[in-house]
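Listed below are the residues making up each chain.
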Amino acid sequence: MTQHAPLIDPFARPITYLRVSVTDRCDFRCVYCMAEHMQFLPKADLLTLEELDRLCTAFVGLGVRKLRITGGEPLVRRGIMGFMRNVARHLGDSLDELTLTTNGSQLARHAAELAEIGVRRVNVSLDTLNADRFATITRWGRLPQVLEGIRAASAASLRVKINAVALKGVNDAELFDMVRWCGDEGHDLTFIEVMPMGDLGEEDRLDQYWPLSDLRARLAERFTLIDLAERTGGPARYVRLAQTGQKIGFITPLTHNFCESCNRVRVTCTGELFMCLGQEDNADLRAPLRASPDDTALRETIRAAIARKPKGHDFDYSRQAVAGQMTRHMSHTGG
């Protein structure tokens, strides 16, 4: 592959991590992610899998070393495994890692093939181990199906990291159950503060907001927390539980701004490039993709967008209102 000058943003941060949403559709309707009766994008607006492959290849040629496929639920898109196999051709050459964020519902069917093409780990979104509570949070989801998928991933030697959104009054009573289960199963665990994305009701977000500083303090009542210096290039900060050896991550966009080392950008399933999850500024990559089979204009559009990448986001919960709230749904931007 032809390598071009790498992408460097205005704050001298190399852009080496791309998150690509392949669909806004999902077989769940998680309350913090989308409305129960979603109006999904017209299929004609979505990039084809061939266009998504071409776009990913352009970014890899510009120095991206890590590629995460997201949604919606990426594994519900028709033909997705063919796309994954095609993109995996860059592994071992220009691409260090190809990975996936999923709700786990389709993992039982696809885990073995994902491992076979070179995927080494997956992130699974799982906020509760209680079947009734899981049904309430996801509206349409079934916990046994997800647990079966996680077991299939482990059986295929995929490393599983559990991502749990911290929801006050919803799953806060399960903190130690989730930690214990992940430890027993050998899964890393990352907690995420709920973010103000989408028109889902500001009041609910404020009521459910559980600062991870409080969650961490509760953990510290039972465990000795050892801060880890390691960073994976993502927003999480990690501790190790001295008593169990487990690694626990915290993604805290609201109580701790993690932007100073940001190395990533996001592309939506419609070809919008978002330089920051918490900002509305974006660049249209679909137009240059479709205007010419040559990627020169596409690369120029990407470079111009990276030159506008901001220093950080504006997420903030004040006492009475959500500041920096995004109107687009997380399922559109990509989780």
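Residues numbered from 1 in each chain as written. Predicted model: local features only at pLDDT ≥ 70, side-chain atom pairs only at ≥ 80, totals over all residues. Heavy atoms only, no water.

Looking now at the overall build of the protein chain. When its secondary structure is counted, the protein chain shows 11 helices and 14 strands. Relative to its 335 residues, the protein chain shows a buried fraction of 55%. A separation threshold of at least 6 residues defines the contact pool for the protein chain, and within that pool the share at least 24 residues apart is 74%. (Helix = DSSP H or I, 4+ residues; strand = E, 2+ residues; numbered from the N terminus. Buried < 20%, exposed > 50% of the residue type's maximum accessible area, 1.4 Å probe, protein only. Contact = heavy atoms within 4.5 Å.)

Looking now at the sheet that holds strand β12 (residues 282-284). Taken together, 12 strands build an open sheet; the order of strands is β7-β8-β9-β6-β5-β4-β3-β2-β1-β10-β11-β12 and the sheet is mixed. The open sheet terminates on both sides in strands that have one partner only, identified here as β7 (225-227) and β12. On average, adjacent strands in this sheet sit at an angle of 25° to one another, irrespective of strand direction. Two elements, strand β4 (residues 121-125) and strand β5 (residues 159-166), share five bridges in a ladder whose sense is parallel. Across the sheet, the residue bridging to Arg 121 is Arg 159, located in β5. (Pairing = 2+ DSSP bridges. Axes fitted to C-alpha atoms, helices over the stretch in contact; angles between N-to-C directions.)

Attention now moves to the pairing of strand β1 (residues 17-21). Strand residues, when the strand is regular, have side chains that alternate between the two faces of the sheet. In terms of burial, β1 is largely enclosed, as five of its five residues are buried. Burial along β1 is two-sided: Tyr 17, Arg 19 and Ser 21 facing one way and Leu 18 and Val 20 facing the other are all buried. In this sheet, strand β2 (residues 66-70) lies alongside β1 in parallel orientation, the contact comprising five bridges. By the bridge assignment for β2, Val 20 is matched with Ile 69. Between the parallel elements β1 and β2, the chain passes through helix α1 (residues 49-61) in a crossover that is right-handed. Examined bridge by bridge, β1 and strand β10 (residues 264-267) share four bridges and lie parallel to one another. If you follow Leu 18 over to β10, its bridge partner there is Val 265. (Right-handed = clockwise from strand over helix to strand, strands pointing away.)

This part covers the side chain of Asp 127. Among the structural elements, Asp 127 can be located in the loop between β4 and α4 (131-138). No salt bridge is formed by the buried Asp 127. Its closest oppositely charged neighbour is Arg 133, at 10 Å. Within the local environment of Asp 127, its side chain forms a polar contact with the backbone nitrogen of Val 165, the two atoms lying 2.8 Å apart. Excluding residues that lie within four positions of it along the chain, Asp 127 makes contacts with Tyr 32, Ile 137, Asn 163, Ala 164, Val 165, Asn 171 and Met 178. (Lys, Arg positive; Asp, Glu negative; His and termini not counted. Salt bridge = Lys/Arg side-chain N within 4 Å of Asp/Glu carboxyl O. Polar contact = N/O pair within 3.5 Å; in protein donor to acceptor, adjacent residues only side chain to side chain.)

Another point: the nonpolar core. Counting 93 residues, the largest nonpolar core has Phe 59, Phe 83, Met 84, Ile 162, Phe 191 and Leu 219 as its most contacted members. Tallying contributions element by element places α1 first for this core, with seven residues. Excluding anything up to four places from it in sequence, Phe 191 contacts Ala 164, Leu 175, Val 179, Leu 212, Leu 215, Ile 248, Gly 249, Phe 250 and Ile 251. (Core = buried A, V, L, I, M, F, W, Y, C linked by side-chain atoms within 4.5 Å.)

Further remarks concern helix α10 (residues 296-306). Turning to α10, its buried residues number three or more, namely Leu 298, Ile 302, Ala 305 and Ile 306. Around the axis of α10, the buried residues are gathered within 100° of arc, so they sit on the same side. Check the buried side of α10 and you find it contacts α1, β10, β11 (272-274), β12 and α9 (286-291). (Arc of directions from axis to C-beta.)

The subject of this paragraph is the packing of helix α3 (residues 107-117) against helix α5 (residues 143-155). Contact geometry for α3 and α5: axes closest at 8 Å, N-to-C directions at 15°. When the interaxial angle is binned, α3 and α5 end up roughly parallel. The handedness of the crossing between α3 and α5 comes out as right-handed. Where α3 abuts α5, its residues Leu 107, Ala 108 and Ala 111 lie against Glu 148, Gly 149, Ala 152 and Ala 153. Residues that form the contact of α3 with α5 fall into these classes: five nonpolar, one polar and one charged. (Parallel < 35°, antiparallel > 145°, perpendicular 65-115°, else oblique. Left-handed = near helix turned anticlockwise from the far one by under 90°. Nonpolar A, V, L, I, M, F, W, Y, C, P; charged D, E, K, R; others polar.)

Following Gly 71, the chain continues into Gly 72 via a peptide bond in cis, with omega recorded as 15°. One can find Gly 72 in the loop between β2 and α2 (80-87). For Ala 12, which is not a glycine, the phi torsion comes out positive at approximately 65°. Tracing the sequence through the fold places Ala 12 in the segment before β1.

Take the state of the cysteines next. Each disulfide is one covalent bond, formed between the sulfur atoms of two cysteines. Under the counting rule described, the total for this entry stands at zero disulfides. No disulfide involves Cys 26; its nearest neighbouring cysteine sulfur is the one of Cys 30, lying 6.3 Å away. (Disulfide = S-S within 2.5 Å.)

Turning our eyes to something else, we now look at α5. Between its first and last C-alpha, α5 extends 18 Å over 13 residues, near the 18 Å set by a 1.5 Å rise per residue. Every buried residue of α5 is accounted for by Leu 143, Val 146, Gly 149, Ile 150 and Ala 153. The arc enclosing the buried residues of α5, seen along the axis, measures out at 125°, which places them on a common side. Structural note: α5 exposes Pro 144, Arg 151 and Ala 155 on the side pointing more than 90 degrees away from its buried face. Buried positions along α5 lie against α3, β4, α4, β5 and α6 (175-185). Backbone geometry just downstream of α5 places Ser 157 in the positive-phi region, at approximately 65°. (Expected span 1.5 Å × (residues − 1).)

Read these as geometric descriptors, not functional statements.
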